[in-house]
Amino acid sequence: MEYISYYRVSTRKQEKSGLGLDAQKTAVRNFLKSDDTLLGEYQEAESGKNNQRPELHKAIEQCKTTGATLLIAKLDRLSRNAAFILTLRDSKIQFVCADMPTANNVTIGIMAILAQDERERISQRTKVALAELKTKGIKLGSPKNLSEKSRKTSIKVRQNNALSNENNRKATAMIVLMKNSGKSFYSIAKHLNENGFKTRNDKLFSQMSVKRLFDRHQTKC
C-alpha cells in the first residue's frame, strides 16, 4: 500500500518543540507494514476549530494524483468539526486512522458526529458552570498559590479524562453501528475485545458495559 501521512498540532510552539508530532509520527510508523510505502509527509500547526488547512489540502491533492491513501495518526488530528470530516470522507480519496485501522467510512462518520456532540456538550457545561461561579462572586482564573504538585496532578487527571473520553467515543461509535445492524450486546463485546478496544478503565468489555454505553448514547440523542 502507498500512503501520504498528515500530522497536526494546535500551536506553533508545539510544532517547534516536537510535542505531539513525535507521538503522531511514531503511531504512523507503527501502523505501516514492511511492504508499505510512505510517499509523502505533511504537517502544520493549526487549531482544530480552523478548517483552513493548506498542508492537508496539499496531502489530499497528492493522494488524488498518486492514488495513495491519506494516513492520520488519530481521527481528532483532522478536525473538531464533524462536517469537515464528513466532507473529507466523501471526497474521492481513501483515508485511514492509525488508531482505528479497522474503521470504515460509516464508522468514521459516526465517530465524527459523536466527537463533535461531546465537545459541544462539554463546552456548554463549562459555560454554565463558569456563569454560576460568577453569580456567586467567585473570582475565576488560575490561583497563583497553586502548588507544583497540584498542577501536575491536575494535568494528569485531565490527560486521563481525555483518554477515557477517547476510549468511550471509539467504542460507542462501533457499538451503535453494530447494534443498529442487529448485533447482540454479547457479540458486540466480543468484537470490541478481539479488535483491541478498551473501556475507560483500560479493561475488556462485558455485555453490561456495552449496554451502558449504548443506553448513554440513546439518552443523549
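This text gives an overview of the structure that appears in the document. Model, not experiment: these values are computed from the prediction. (Residues numbered from 1 in each chain as written. Predicted model: local features only at pLDDT ≥ 70, side-chain atom pairs only at ≥ 80, totals over all residues. Heavy atoms only, no water.)

## Concerning the overall build of the protein chain
On a plain count of helices and strands, the protein chain comes out with 8 helices and 4 strands. In the protein chain, which comprises 221 residues, the share counted as buried stands at 35%. Restricting the contact set of the protein chain to residue pairs at least 6 apart, pairs at least 24 apart contribute 66%. For the protein chain, the exposed area adds up to about 13,500 Å²; of that, 52% sits on carbon and sulfur atoms. (Helix = DSSP H or I, 4+ residues; strand = E, 2+ residues; numbered from the N terminus. Buried < 20%, exposed > 50% of the residue type's maximum accessible area, 1.4 Å probe, protein only. Contact = heavy atoms within 4.5 Å. Areas by Shrake-Rupley, 256 points an atom, 1.4 Å probe, with all protein chains shown as cover.)

## Concerning the packing of aromatic side chains
Under the defined criterion, the tally for this structure stands at 2 aromatic pairs. Between Tyr3 and Phe31, the aromatic rings sit 5.7 Å apart at their centres with planes inclined by 85°, giving edge-to-face as the arrangement. Of this pair, Tyr3 sits in strand β1 (residues 2-9) while Phe31 sits in helix α2 (residues 21-31), and the two are 28 residues apart along the sequence. (Phe/Tyr/Trp six-rings, centres within 6.5 Å; stacked < 30°, edge-to-face > 60°.)

## Details of the side chain of Ser5
Secondary-structure assignment places Ser5 in strand β1. Taking the relative accessible area as the measure of exposure, Ser5 reaches 0% and is therefore buried. Reaching out from Ser5, the side chain makes a polar contact with the side chain of Tyr7 at a distance of 3.0 Å. Once residues within four sequence positions are removed from consideration, Ser5 is found in contact with Val28, Leu38, Gly40, Glu41, Tyr42 and Leu71. (Polar contact = N/O pair within 3.5 Å; in protein donor to acceptor, adjacent residues only side chain to side chain.)

## A word on the nonpolar core
Ranked by size, the top nonpolar core spans 18 residues in total, and within it Ile175, Leu192, Phe197, Phe205 and Val210 carry the most contacts. Within the residue set of this core, elements represented by two or more residues are α6 (148-180), α7 (185-194) and α8 (207-220). For this core, the element with the highest residue contribution is α6, accounting for 7 residues. If sequence neighbours within four positions are ignored, Val210 has contacts with Ile175, Phe185, Ile188, Ala189, Leu192 and Phe205. (Core = buried A, V, L, I, M, F, W, Y, C linked by side-chain atoms within 4.5 Å.)

## Description of the sheet that holds β1
Sheets are built from strands that pair by backbone hydrogen bonding, the pairs being arranged parallel or antiparallel. Taken together, the 4 strands give an open sheet; going across it, the order is β2-β1-β3-β4, and neighbouring strands pair in parallel fashion. The open sheet is flanked by β2 (37-45) and β4 (95-97), the only strands paired with a single partner. Across the sheet, the axes of successive neighbouring strands diverge by a mean angle of 25°, strand direction being ignored. When β1 meets strand β3 (residues 69-72), the two strands line up parallel, connected through 4 bridges. Looking at β3, one finds that Ser5 is bridged to Leu71. Those strands touched by α2 are β1, β2, β3 and β4, and its axis lies near 160° from that of β1. Against the sheet, helix α3 (residues 54-66) makes contact with β1, β2 and β3, and its axis sits at roughly 160° relative to β2, the strand it touches most. (Pairing = 2+ DSSP bridges. Axes fitted to C-alpha atoms, helices over the stretch in contact; angles between N-to-C directions.)

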